[in-house]
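Residues per chain are reported as follows:
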Amino acid sequence: MTVLIKTLATIAAGTVLATSALAQSAREIRGVSPFETIENQPAPKLFMDPPLPIPLAQGIFQAQYRVENVRILPVFGPSSLNVSPRPSAHKRQHLPWLWADASDNNTVDIAGFPPGEHKVKIELVDADHNVFPGQAVTLTFTVPAKPSTPKALDQREALATQANVCG
C-alpha cells in the first residue's frame, strides 16, 4: 500500500510541476500593458495575403492581413501618437477614393470591382495618417469576366426548337 501511495504522490507532484511550467503570464500572451511606456519600440510591419479567389470572381476584394509591433485601433489625431506601447494605427487603401479601416478584423473587404485588372495599395499609417516607413503593399489582381447568359426569350426559343425536334 505504501508503494501505491508513493506512486500517486509522485504523479501528483509531477502534474503540479508540469502545469506550473506550462502556465504563461498575461504579459507573455497579451504583450505589454497599455499603461507601461516602452522605449525603442520595434518598427511596425504589415503583411498582406493575395485576395481570395471566390469573392474576387464576384468583384469583391477580400485579403487577409496581419501586423506586428502595432495594434489597429479606432484612435485618430496628433495626441494619440504619444501613447505607448504604440496602439494607434489603421490601414488606408488608395482607390478612386481614400478609405481607412480601424477595425482589426484582419481582412480588407472592398466590393464593386468591375471585370479587369485592378491595383489596391494598402498602407499602415499612424493615428495622424503618416505612413510607417516601408509599410505599403500594392496588390495587383484581375476580376474575371462574368460569363454571358442568354436572355429569357432566347432560352424559350431554344426550348421550343428542342420540343419541335423531339416531338
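What this report covers is the structure whose coordinates are included nearby. (Residues numbered from 1 in each chain as written. Predicted model: local features only at pLDDT ≥ 70, side-chain atom pairs only at ≥ 80, totals over all residues. Heavy atoms only, no water.)

**Focus: the overall build of the protein chain**
Regarding its fold elements, the protein chain presents 4 helices and 7 strands. Each helix and strand of the protein chain, placed in order from N terminus to C terminus, yields the pattern α-α-β-α-β-β-β-β-β-β-α. In the protein chain, buried positions account for 26% of the 167 residues. If you take every contact in the protein chain between residues at least 6 apart in sequence, the share linking residues at least 24 apart comes to 60%. About 11500 Å² of surface is accessible on the protein chain, with carbon and sulfur atoms providing 60% of the total. (Helix = DSSP H or I, 4+ residues; strand = E, 2+ residues; numbered from the N terminus. Buried < 20%, exposed > 50% of the residue type's maximum accessible area, 1.4 Å probe, protein only. Contact = heavy atoms within 4.5 Å. Areas by Shrake-Rupley, 256 points an atom, 1.4 Å probe, with all protein chains shown as cover.)

**Describing the packing of aromatic side chains**
Under the counting rule described, the total for this entry stands at 3 aromatic pairs. An angle of 90 degrees between the planes, with centres 5.3 Å apart, marks the rings of Phe113 and Phe141 as edge-to-face. On the criterion of sequence distance, the pair formed by Phe113 in the loop between strand S5 (107-111) and strand S6 (116-126) and Phe141 in strand S7 (residues 131-143) is long-range, its members being 28 residues apart. The class of Phe113 is buried, set by a relative accessible area of 14%. Classification of Phe141 as buried rests on a relative accessible area of 4%. Ring-pair connections join several aromatic residues into one group, and the members of that group are Phe61, Phe113 and Phe141. We note Arg66 situated over the ring of Phe47; from NZ or CZ to the ring centre the distance is 4.0 Å. (Phe/Tyr/Trp six-rings, centres within 6.5 Å; stacked < 30°, edge-to-face > 60°. Lys NZ or Arg CZ within 6 Å of the ring centre and 35° of its normal.)

**Thoughts on the side chain of Gln135**
The residue Gln135 is located in strand S7 in this model. Dropping the residues within four chain positions of it, Gln135 is found in contact with Pro44, Lys45, Leu46, Ile122, Glu123 and Leu124.

**Examining the pairing of S5**
Residue alternation in S5 divides its side chains into a buried set, Val108 and Ile110, and an unburied set, Thr107, Asp109 and Ala111. Pairing geometry for strand S2 (residues 60-68) and S5, over 5 bridges, is antiparallel. When the sheet's bridge partners are listed, Phe61 is paired in S5 with Ile110. (Pairing = 2+ DSSP bridges.)

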